[in-house]
Amino acid sequence: MSQESREPVDDEAGGSTDAPHQQARWYAGGQYEPLLSEKSSESVSVESSLPDDLTRDELELPSLAEPEVARHYTRLSQMNYGIESGPIPLGSCTMKYNPSFTEDVAAHRGNRVHPLRADADKQGILHLLYELQETLATIGGMDAVTLQPPAGAAGEFTGIQVAKAYHEATGDDRNEVIVPESAHGTNFASAAMAGYDVVELPSNDEGRVEVDALEAAVGPDTALLMLTNPNTLGLFERAIEDIAEIVHDAGGLLYYDGANLNSLLGKARPGDMGFDIMHFNLHKTFATPHGGGGPGQGPIGVGSDLAPFLPTPQVRETDGGYETYEPEHSIGRVHEFVGNWLVLVKAYAYILRHGDEGLETVSETAVLNANYLASQIAYEVPYGPFHHEFVASADADAGDVAKAMLDHGVHPPTTKWPEIVDEALMTEPTETESKRRLDDLAAAFNAVAAMDEAALAETPTETTARRIDQASAARNPRLSWHALGEE
């Protein structure tokens, strides 16, 4: 008899009681028959160790009918702006639309496998992990991949730790990581967290790596050069092979920040450019949802010399299936199990749905959309030719420009970064936006460009909230409705 149709059981007095246990179904003379797992257990009284000021006897919850609750949350969703509302052209964020079919795949009951099950009992899971890591290795031109890091920044930190372990194993005592001035902020932070001194590398007049400055910066202390290609201006590093040779001749390693990989899919591979380590942002390039704190996933790929230092466990193919193993000189774990498992499932589904030709089309369309949008706006774009994103220069405060764009019902681009461009408007429309949507964005850009500074300073005027104290909001966030009563 199912739990849903279970009938009450008569007790000895002829009365009726509901079954007192969800899993137990048998009664003898009105007595509850425990499960086998419960027969060796004993009841104990549990007293809370929480202090009185952290406990409560009742919850202050509103009493509302279901229609009112549904309307409340629908209203909240309409007040917010998400990728389902329209484009989010945040530069270097690749906020593409995430196809909903990946959610269906992730929700499949076959994915509900406890990670502590023996390898023999989760062969399907290991098969998927193996295929994904091998597919990413092929896309990146790497020899081995670990799927474990749970975010892009975590991937960076893991990659640096792998490089550090490699240098230590070869007897090199290196303490510097070189980072271009236009690099993502996480590059500087990850290197510093790993204990390295960060050497900032200037850009040349074209917005690319200044090769002469790089030659002067590298030396016996150089552990890594961290590079994004295309860089944050959307520019491809044309001297990448020379850059790789300079770093390698000094005994250093070349690290690829995968933030902008969306522009290279099927066209070029970091491994072929000379990169030794890279991280993938699955939540960006391969359309697994991101923002709002996660979850993300930041696998790293490495060349064969660094493969023995990858985190444990790795997955490999055997004669009879698949198994997990620990690499010979592994740096250990960087996350429980394999990271955010369902993010990996979504990324694998996304890659399979597109196939080789589809992934090429992704990068082609991303580059086309960025170049089309840039050609339609009134703001100057000082650096080019660019690929998937561009950085325009506002002739007013970029923060004011962003606020004014909200009045036109569109999400603004990244502002004031990279600092190499004055009042930067860093824009990445991604491949999932149509020409109509790009035209809407261009119209918003141009309407704001026509405003004078006094009018800009008063925006936004059409939003629910007007100008806020951004510094105070960031430093003192109000995360509970209770705080509303303090106003």
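Structure shown above.
Quick caveat, the model's predicted, so the values are computed rather than measured.

What counts and what doesn't
- As a convention, each chain's residues are numbered from 1 in the sequence order in which they are written.
- Predicted model: local features are reported for residues with pLDDT of at least 70 only, side-chain atom pairs are reported and counted for 80 or more only, and whole-chain, interface and lining totals are derived from all residues.
- As a convention, hydrogens and water are excluded, and side-chain values are obtained from all of the structure's heavy atoms.
- Only the stretch in contact is used when a helix axis is fitted, and all axes are lines through C-alpha atoms; the angle between N-to-C directions ranges over 0 to 180 degrees.
- Numbering of helices and strands runs from the N terminus, with a helix taken as a DSSP run of H or I at least four residues long and a strand as a DSSP run of E at least two residues long.
- In these notes the angle categories are as follows: under 35 degrees is roughly parallel, over 145 is roughly antiparallel, 65 to 115 is roughly perpendicular, and the rest is oblique.
- Handedness of a crossing follows from how the near helix is turned relative to the far one, being left-handed for an anticlockwise turn of less than a right angle and right-handed for a clockwise one.
- Here a residue-residue contact requires only that any non-hydrogen atoms of the pair lie within 4.5 Å.
- Any residue that is not Ala, Val, Leu, Ile, Met, Phe, Trp, Tyr, Cys, Pro, Asp, Glu, Lys or Arg is counted as polar, Gly included; the first ten are nonpolar and the last four charged.
- The criterion for strand pairing is that DSSP finds at least two bridges linking the strands in question.
- The length a helix should cover is 1.5 Å for every residue beyond the first.
- The bend at a residue is defined as the angle formed between two axes, one fitted to the seven residues ending at that residue and one fitted to the seven starting there.
- Buried Ala, Val, Leu, Ile, Met, Phe, Trp, Tyr and Cys residues form a nonpolar core when they are joined through side-chain atoms within 4.5 Å.
- Only protein chains enter the accessibility calculation, which uses a 1.4 Å probe. A residue is then buried if its area is under 20% of the maximum for its type, exposed if over 50%, and partly exposed in between.
- Every definition here rests on a 1 Å grid over the protein atoms only: cavities are sets of points where a 1.4 Å probe fits but cannot get out, pockets are open sets enclosed by protein on both sides within 12 Å along at least five of seven lines, and lining residues have some atom within 4 Å of a point.
- Grid points are joined across faces, edges and corners, and a volume is the space filled by probe spheres set on the points.

## A look at the packing of helix α5 (residues 152-169) against helix α6 (residues 185-193)
Step number 1: Closest axis-to-axis distance for the α5/α6 pair is 9 Å, and the angle between their directions is 45°. Viewed along their axes, α5 and α6 adopt a mutual orientation that is oblique. Pair α5 / α6 crosses with right-handed handedness. In contact with A153, E156, F157 and I160 of α5, α6 contributes T186, N187, S190, A191 and M193.
Step number 2: The class makeup of the residues in the contact of α5 with α6 is 5 nonpolar, 3 polar and 1 charged.

## A word on the sheet that holds strand β8 (residues 222-228)
Step number 1: Here 7 strands make up an open sheet; going across it, the order is β5-β11-β10-β9-β8-β6-β7 and the pairing mixed. Two strands lie at the open edges of the sheet, namely β5 (144-146) and β7 (197-201), each paired on one side alone. Geometrically, the sheet is characterised by an average inter-axis angle of 20° between neighbouring strands, direction not taken into account.
Step number 2: Note that strand β10 (residues 277-279) and strand β11 (residues 300-302) share 3 bridges and pair antiparallel. When the bridges of β11 are listed, H279 appears paired with I300.
Step number 3: Across the sheet, α5 touches β8, β9 (253-257), β10 and β11, and the angle it forms with β9 is around 170°.

## Some remarks on helix α11 (residues 341-376)
Step number 1: Helix length check: α11, at 36 residues, gives a terminal C-alpha distance of 41 Å against a target of 52 Å (1.5 Å per residue), a shortfall beyond 12%.
Step number 2: Along its length, α11 shows its largest kink, about 100°, at G355.

## Some points on the nonpolar core
Step number 1: Ranked by internal contacts, the top residues of the largest apolar core, which has 49 residues, are L136, L214 and F286.
Step number 2: If one sorts the elements of this core by residue count, α11 sits on top with 10 residues.
Step number 3: Once residues within four sequence positions are removed from consideration, L136 is found in contact with V145, L147, F280, L282, F286, P299 and I351.
Step number 4: Grouped together as the second largest cluster of nonpolar side chains are 29 residues, F386, A396, A404 and A444 included.

## Some remarks on the sheet that holds strand β14 (residues 390-393)
Step number 1: Spatial ordering of the open sheet is given by β14-β16-β15, a layout of 3 strands whose pairing is antiparallel. The two strands at the open ends of the sheet, each matched to only one other strand, are β14 and β15 (414-415).
Step number 2: The pairing of β15 with strand β16 (residues 424-427) spans 2 bridges and is antiparallel. Paired with T415 across the two strands is L425, which belongs to β16.

## Points about the layout of surface pockets
Rolled over the atoms, a probe sized like a water molecule indicates the empty space that remains.
Step number 1: Put simply, the largest pocket is a space of about 750 Å³.
Step number 2: Surrounding the largest pocket, 25 residues form its lining, M79, Y81, L406, T463 and A465 being those nearest its centre.
Step number 3: At 4 residues, helix α12 (residues 398-406) tops the list of elements feeding residues into the lining of the largest pocket.
Step number 4: Partitioned by chemical class, the residues of the lining of the largest pocket number 12 nonpolar, 10 polar and 3 charged.
Step number 5: Estimated volume of the second largest pocket: approximately 360 Å³.
Step number 6: Forming the boundary of the second largest pocket are 20 residues, of which P115, L116, K122, F337 and V338 lie nearest the centre.
Step number 7: Tallying contributions element by element places helix α4 (residues 123-140) first for the lining of the second largest pocket, with 3 residues.

So, to be careful, I would describe these as geometric facts and stop short of saying anything about function.
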